[in-house]
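These are the residues of each chain, in order.
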Amino acid sequence: MKNMLVTGGCGFIGTNFIRYLLEESDFEGRVINVDALTYAGNPFNLEDMEQRFSDRYTFMHADIRNRGDMSRIFNDYEIDTVCHFAAESHVDRSISGPDAFIQTNIVGTFNLLELAREGRDRLELFHQISTDEVFGSLGRDGAFTEDTPYRPNSPYSASKAASDHLVRAYHKTYDLPVTISNCSNNYGPYQFPEKLIPLMILNALEGRPLPVYGDGLHVRDWLYVRDHCTAVWAIMKQGKRGMTYNVGGASEMENIRIVEMVCDMVDELAASRLDNPRRGLIGFVKDRPGHDRRYAIDFTRLKGELGWTPEESLESGMRKTVSWYLDNREWVDRVRSGEYRSWIRKQYGEEV
Ligand code: NAD
Ligand code: DAU
């Protein structure tokens, strides 16, 4: 793996993955980060990388929906490995506006697969980042395994399921070397504050309402983002081609308990900023349509075949996350004020 295309590297997980690859892992090649810089893409996330890794890191502002632009990048950089994160990723947005989800998640993935097929001779791996949401919802017991049938319930998860099926089909039909990982809810540094945990941390800090959907008893399995990155890299290096791997944090929790945990940690770590206990800000609001009740991940295959387990507990990962948002006020202010959007428009034009 010499020239790795990482798509969506300016988003939450992509940023953490590129940092992990260049700063910590044994990857020795070059990273070409392609990102369209949608509302979720923040170029400040990797501001320091071009100087620190000038010979190993390149950012390209491009859209995976544009096959011509992507083709030039595949050829110019002699891409031999793809790690595909780029996606519209927020379930609520997919309910109010599914179009971009179909175009980016399905058509964008199709474009990358076609280019990978054209460059088949040098392609070592196409790794698809997917989600546990493709499996639908669980009852009280059990967990998703790699053999659980796909039953997506939102436009977001349906679009991810469609793209996973294409990746699988390109392996079966064209013998493309692929791997797929289906992971649970990530949390940690650089997450855009529309997702539950960063939204609750920042609202709690600012004394704003903490909206919990429905009865708050929906369950997610929380995975600290660095643990996800180590899993992806292990799969890319040693995973069997054509295989799918589940990645989970072994940290199932009801949403209301997550929000209470955030409140208590913010109270503890930012005591002087607001005197009242933050739990008083919690309110129950109208439920999300089609809201999946429970996700849980069985990652026996990843543990058994590749020896991977998550390092962080929910307590330790949450502590690191709350501390990161407290210590990185400049990043938070740029995101909250929209300054990063004005910077992108100045750099790349009004249409971005
Ligand atoms: P994110 O929304 O934070 O980042 C997505 C990135 O993709 C952004 O930088 C955005 O600018 C870029 N992008 C969007 N459309 C693009 C396009 N057409 N062309 C090029 N770039 C484009 O998402 P995330 O939370 O980092 O998720 C990354 C991947 O992981 C997604 O595929 C998502 O489905 C998957 N995933 C996320 C989670 C989670 O908990 N966040 C869990 C499981 C799987
Ligand atoms: O499971 C993996 C998925 O996790 C990823 O594929 C998605 O890209 C990612 O966005 C995430 O999806 P969720 O819908 O689970 O994440 P979200 O942070 O939006 O919501 C987590 C839970 O919290 C969910 O049950 C809805 C609830 N919620 C969310 C928000 C934003 C609230 O109760 N209040 C809120 O304000």
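Along each chain, the written sequence defines residue order, and numbers are assigned to residues from 1. Here every chain gets a letter starting at A, and every ligand a number starting at 1, in the order they are written. Residue-level local features of this predicted model are given only where pLDDT is at least 70; pairs of side-chain atoms are given and counted only at 80 or more, and the full residue set underlies all totals for whole chains, interfaces and linings. Each side-chain value is worked out from all heavy atoms of the structure, with water and hydrogens disregarded.

Engineer: Go over the overall build of the chain, please, and point to the residues and values.
Structural biologist: If you tally the helices and strands in the chain, you get 13 helices and twelve strands. Here the globule rule reads 2.2 Å times residues to the power 0.38, and the radius of gyration is calculated from C-alpha atoms. For the chain, the C-alpha radius of gyration of 20 Å lies close to 20 Å, the compact-globule estimate for 352 residues. Projecting the C-alpha coordinates of the chain onto the three principal axes gives extents of approximately 60 × 50 × 40 Å. Counting over 352 residues, the chain shows a buried share of 57%. In this analysis, two residues are considered to be in contact whenever any of their non-hydrogen atoms come within 4.5 Å of each other. For the chain, restricting intrachain contacts to residue pairs at least 6 apart in sequence, the fraction spanning at least 24 positions comes to 83%. The convention is simple: Lys and Arg are positive, Asp and Glu are negative, and His and the chain ends are not counted. Charge positions are represented by NZ for Lys, CZ for Arg, CG for Asp and CD for Glu. Taking the average location of the 42 positive side-chain charges in the chain and that of its 53 negative ones, the two points are 2 Å from each other. Helix and strand assignments come from DSSP, with helices taken as H or I runs of at least 4 residues and strands as E runs of at least 2, each series counted from the N terminus. The buried label applies to any residue whose accessible area, calculated with a 1.4 Å probe on protein chains only, is under 20% of its type's maximum; exposed applies above 50%, and partly exposed to all values in between.

Engineer: Requested: an account of the site of ligand 2, with residues and values cited.
Structural biologist: Near ligand 2 you find 22 residues, and of these Thr131, Asp132, Tyr156, Arg288 and His291 are the closest. Polar contacts, as counted here, are pairs of nitrogen or oxygen atoms within 3.5 Å of one another; within protein the pair requires one atom able to donate a hydrogen and one able to accept it, and residues that are adjacent in sequence qualify only if both atoms are side-chain atoms. Ser89 places a polar main-chain atom, nitrogen or oxygen, 2.7 Å from an oxygen atom of ligand 2. Leu196 has a polar backbone atom sitting 2.8 Å from an oxygen atom of ligand 2. Note on areas: Shrake-Rupley, 1.4 Å probe, and residue coverage restricted to the protein chains presented here. Relative to its unbound accessible area of 690 Å², ligand 2 is 94% covered by the protein chains. Elements supplying a minimum of two residues to the shell around ligand 2: helix H7 (196-206) and strand E8 (210-213). Counted by class, the shell around ligand 2 contains nine nonpolar, seven polar and six charged residues. One heavy atom within 4 Å of a molecule or strand makes the whole residue count as near it. Only Asp, Glu, Lys and Arg are considered charged in this grouping, and only Ala, Val, Leu, Ile, Met, Phe, Trp, Tyr, Cys and Pro are considered nonpolar; every other residue, Gly among them, is considered polar.

Engineer: Let's hear about the packing of helix H9 (residues 255-269) against helix H11 (residues 314-327): which residues, and what values?
Structural biologist: Comment: axis = line fitted to C-alpha atoms, over the contacting stretch for helices; angle = value between 0 and 180 degrees taken between N-to-C directions. The contact between H9 and H11 brings their axes to 10 Å, and the two run at 55°. Between H9 and H11, the angle falls in the class oblique. Read as a crossing pair, H9 and H11 show a hand that is right-handed. Every residue of H11 that contacts H9 at Ile258, Met261, Val262, Met265, Val266, Glu268 and Leu269 is listed here: Leu314, Glu315, Met318, Arg319, Val322, Ser323 and Leu326. Here the contact of H9 with H11 is built from residues that sort into ten nonpolar, one polar and three charged. When describing relative orientation, an angle under 35 degrees is termed roughly parallel and one over 145 degrees roughly antiparallel, while 65 to 115 degrees is termed roughly perpendicular and anything else oblique. Crossings are classed by handedness, with left-handed meaning an anticlockwise turn of the near helix from the far one by less than a right angle and right-handed meaning a clockwise turn.

Engineer: Please set out the packing of aromatic side chains residue by residue, giving values where relevant.
Structural biologist: Stacked, edge-to-face and tilted labels apply to pairs of Phe, Tyr and Trp rings (six-membered ring for Trp) whose centres lie within 6.5 Å, assigned for plane angles under 30 degrees, over 60, and everything in between, in that order. Taken as a whole and judged by the stated rule, the model has 17 aromatic pairs. Summarising the aromatic geometry, the rings of Tyr187 and Tyr224 are spaced 5.6 Å apart at their centres and angled 70° between planes, so their arrangement reads as edge-to-face. Taken together, the residues span a long stretch of sequence, with Tyr187 in strand E7 (residues 185-187) and Tyr224 in strand E9 (residues 219-224) at a distance of 37 residues. For Tyr187, a relative accessible area of 1% translates into the label buried. Each ring, one from Tyr325 and one from Trp331, has its centre 6.0 Å from the other, and the planes form 75°; the classification is edge-to-face. Residue classification places Tyr325 among the buried residues on the basis of a relative accessible area of 0%. By the ring-pair criterion, three or more aromatic residues cluster together here, those being Phe135, Phe144, Tyr150 and Tyr295. Geometrically, a charge over a ring is one whose NZ (Lys) or CZ (Arg) sits within 6 Å of the ring centre while staying within 35 degrees of the ring normal. Geometry around Tyr39 places Arg93 over its ring, the cationic atom sitting 3.5 Å from the centre. Taking the ring centre of Tyr174 as reference, the NZ or CZ of Arg117 above it sits at 4.1 Å.

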